[in-house]
Amino acid sequence: MTLLPADPHVITVGADLLGEALDAQAVPRTPVEWRPPLQGTAAALARVLADPRRSAANELAVGRLLSARPQLVGVRPAADALGLERGTFLHAGPPITWERASGPMRGALIGAVLLEDMAATEEEALRLLAGGWVRLDPCHHHGAVGPMAGVVSPSMWMFEVRDAEHGGTAYCSLNEGLGKVLRYGAYGPEVLERLRWMGSVLGPSLRDALRVTGPIDLRGLIAQALQMGDELHNRNRAATSLFLRELAPALVEAAPAHAAQVLRFAGGNDHFFLNPAMAAAKVSADAARGVPGSSLVVAMARNGTDFGVQLSGLGDRWFTGPAGVPDGLYLGAYGPADANPDIGDSTITETSGLGGFAMAAAPAIVKFVGGEVGDAITATRSMYEITLAEHPAYQIPGLGFRGTPVGIDVALVARTGLLPVVNTGIAGRVAGTGQVGAGLVSPPAEAFIAALNALAFDK
């Protein structure tokens with residue numbers, strides 16, 4: 001008499017020890033990866049998952065995000081586009097005070113004060129900022145996003161992106177390039193000279209060119225760039241080329257005196273398209289806001305000190321945790337000791353199914369952020385576990401044209417213990433340093449735990 005009527009089907013969960021013992025005996029098995037829920041979420045998770053509104057609310061919210069049709073419609077000064085007054089400066093991430101601001105955030109604010117001629121020297125700028133003579137406010141509170149420090153002052157020019165489906169509008173500053181730039185906290189004479197040129201030549205030239213082209217379909221351009229090897233956060237080479245192909249004839253026609261200079265500047269900066277892509281992601285995510293009972297994440301942002309998230313069902317409230325230091329590749333002699341904690345609004349790309357969530361579309365990204373090609377594919381695959389949908393337009397050739405994972409559900413983050421994958425640039429921790437590298441970073445679990453508990457118990 002046999003104990004079992006047929007060969008067993010073995011499934012292993014948890015510790016590898018049992019599975020390894022079976023492997024040693026040549027027993028076929030199916031390994032299942034299981035993680036406990038995030039610590040401190042059990043009661044909140046049960047309550048949120050039992051909420052009768054959740055399914056329909058999430059379907060509505062993510063449906064709005066997926067159906068957004070972002071179009072670039074203009075380029076305008078921040079004073080005009082956002083109503084910024086002298087002495088008001090926007091920044092990336094959740095709210096922060098000067099006292100808690102990191103080195104690159106302080107450096108960018110010093111540079112912005114100098115740019116606006118509110119101070120003649122670094123020392124004067126520091127006195128204004130430390131004395132509370134300026135107003136600081138998050139970009140997100142004004143329908144805008146900014147990469148890295150994300151500092152926006154009234155004279156800076158902004159990309160204006162409109163959602164042709166839902167009618168929303170979002171803004172993002174113009175991209176300065178890499179290295180010693182304001183968004184990484186540098187504020188030397190060359191940084192200010194470049195910003196003044198961007199205000200007097202680049203912004204007006206782009207504005208005039210867009211009046212010739214009319215609205216540019218960013219959704220279609222992003223979809224095409226994904227199939228050409230970009231992921232639209234740290235790799236924008238194809239997208240920038242496609243964008244300039246759309247603009248070049250109009251630039252020559254509308255701004256003949258500056259067209260060559262503008263095209264040379266933008267063409268020499270593979271990240272030039274990052275900023276309109278961020279505004280496109282912002283306007284898409286904003287379409288999903290304000291759905292009661294929805295556990296959809298509509299913003300992830302960092303200010304160099306805190307990492308914050310916002311949920312569709314909880315209005316404009318921020319839930320934060322300490323920003324982590326990215327793990328990646330460093331420029332020159334820089335190393336981890338030179339790195340500032342994670343900073344920037346550019347995680348709006350991951351929020352909308354791009355960036356780290358689309359790394360499988362951009363295997364070359366590993367040369368910039370570290371790791372192997374297989375790591376990029378694994379990162380994207382894992383994000384399907386914490387998202388509500390696959391993007392119908394943003395598709396990944398290497399995954400059989402599967403849509404990128406999109407619509408982060410804070411309940412799924414808590415239940416799986418998986419945190420969103422983020423790839424990012426790395427700013428130097430000392431004000432004035434600039435960029436020191438690029439890599440991957442894990443958001444703090446605390447932000448998602450706080451958001452889930454608020455959704456569960458703050459009715």
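Higher on the page you've got the structure.
Predicted, not measured: the structure shown is a model, and the values here were computed from it.

### Things to note about the overall build of the chain
Link 1 in the chain: The helix and strand tally for the chain stands at 16 helices and 18 strands.
Link 2 in the chain: C-alpha extents for the chain along the principal axes are approximately 95 × 50 × 50 Å.
Link 3 in the chain: Burial statistics for the chain: of 459 residues in total, 58% are counted as buried.
Link 4 in the chain: Surface exposure of the chain reaches about 18100 Å², of which carbon and sulfur atoms provide 55%.
Link 5 in the chain: On the chain, the mean spot of the 35 positive side-chain charges and the mean spot of the 44 negative ones are 3 Å from each other.

### Quick notes on the sheet that holds strand S17 (residues 422-427)
Link 1 in the chain: Taken together, the three strands give an open sheet; going across it, the order is S13-S18-S17, and neighbouring strands pair in antiparallel fashion. The open sheet has two free edges, formed respectively by strand S13 (327-330) and S17, since each of these has just one partner strand. Looking at each pair of strands side by side, their axes are set apart by 25° on average, direction ignored.
Link 2 in the chain: In this structure, S17 lies alongside strand S18 (residues 435-441), joined through six bridges in antiparallel fashion.

### Looking at the packing of helix H5 (residues 103-115) against helix H6 (residues 122-130)
Link 1 in the chain: At a minimum axis separation of 9 Å, H5 and H6 run at an interaxial angle of 110°. By the angle between their directions, the pair H5 and H6 is classed as roughly perpendicular. Taking contact as the criterion, the partners of Leu-109, Ile-110, Val-113 and Leu-114 in H5 are, on H6, Glu-122, Ala-125, Leu-126, Leu-128 and Leu-129.
Link 2 in the chain: Looking at the contact of H5 with H6 residue by residue, the classes come out as eight nonpolar, no polar and one charged.

### A closer look at the nonpolar core
Link 1 in the chain: Core analysis: the biggest nonpolar cluster contains 86 residues, and Leu-202, Leu-232, Phe-243 and Phe-273 have the highest contact counts within it.
Link 2 in the chain: If sequence neighbours within four positions are ignored, Leu-202 has contacts with Leu-174, Trp-197, Val-262, Phe-265 and Phe-272.
Link 3 in the chain: Leu-311, Phe-319, Ile-408 and Ala-447 belong to the second largest nonpolar core, which has 39 residues in total.

### Considering the pattern of salt bridges
Link 1 in the chain: Applying the stated criterion across every chain yields a total of 18 salt bridges.
Link 2 in the chain: We note a salt bridge from Arg-69 to Glu-165, for which the minimum N-O separation is 3.3 Å. Note that Arg-69 is positioned in the loop between helix H3 (54-67) and strand S3 (70-77) and Glu-165 in the loop between strand S7 (157-163) and strand S8 (169-173), a separation of 96 residues in sequence.
Link 3 in the chain: Using a relative accessible area of 36% as the deciding quantity, one classes Arg-69 as partly exposed.
Link 4 in the chain: For Glu-165, a relative accessible area of 42% puts it in the partly exposed group.
Link 5 in the chain: Here Arg-211 makes a salt bridge to Asp-208, at a shortest N to O gap of 3.6 Å. Of this pair, Arg-211 and Asp-208 are both found in helix H7 (residues 189-213), three residues apart, which corresponds to roughly one turn of the helix.

### Remarks on unusual backbone geometry
Link 1 in the chain: Backbone geometry at Met-148 places phi at a positive 50°, although glycine is not the residue there.
Link 2 in the chain: When you line up the elements, Met-148 lands in the loop between strand S6 (144-145) and S7.
Link 3 in the chain: Phi is positive for Phe-401, close to 60°, though the residue is something other than glycine.
Link 4 in the chain: By secondary structure assignment, the location of Phe-401 is in the loop between strand S15 (387-396) and strand S16 (402-408).

### Regarding the environment of Ala-456
Link 1 in the chain: The topology assignment puts Ala-456 in helix H16 (residues 445-457).
Link 2 in the chain: Look past the residues within four positions of Ala-456 in its chain and what remains in contact with it is Ala-44, Arg-47 and Val-48.

Criteria and cut-off values
Residues numbered from 1 in each chain as written. Predicted model: local features only at pLDDT ≥ 70, side-chain atom pairs only at ≥ 80, totals over all residues. Heavy atoms only, no water. Helix = DSSP H or I, 4+ residues; strand = E, 2+ residues; numbered from the N terminus. Buried < 20%, exposed > 50% of the residue type's maximum accessible area, 1.4 Å probe, protein only. Areas by Shrake-Rupley, 256 points an atom, 1.4 Å probe, with all protein chains shown as cover. Lys, Arg positive; Asp, Glu negative; His and termini not counted. Charge placed at Lys NZ, Arg CZ, Asp CG, Glu CD. Pairing = 2+ DSSP bridges. Axes fitted to C-alpha atoms, helices over the stretch in contact; angles between N-to-C directions. Parallel < 35°, antiparallel > 145°, perpendicular 65-115°, else oblique. Contact = heavy atoms within 4.5 Å. Nonpolar A, V, L, I, M, F, W, Y, C, P; charged D, E, K, R; others polar. Core = buried A, V, L, I, M, F, W, Y, C linked by side-chain atoms within 4.5 Å. Salt bridge = Lys/Arg side-chain N within 4 Å of Asp/Glu carboxyl O.

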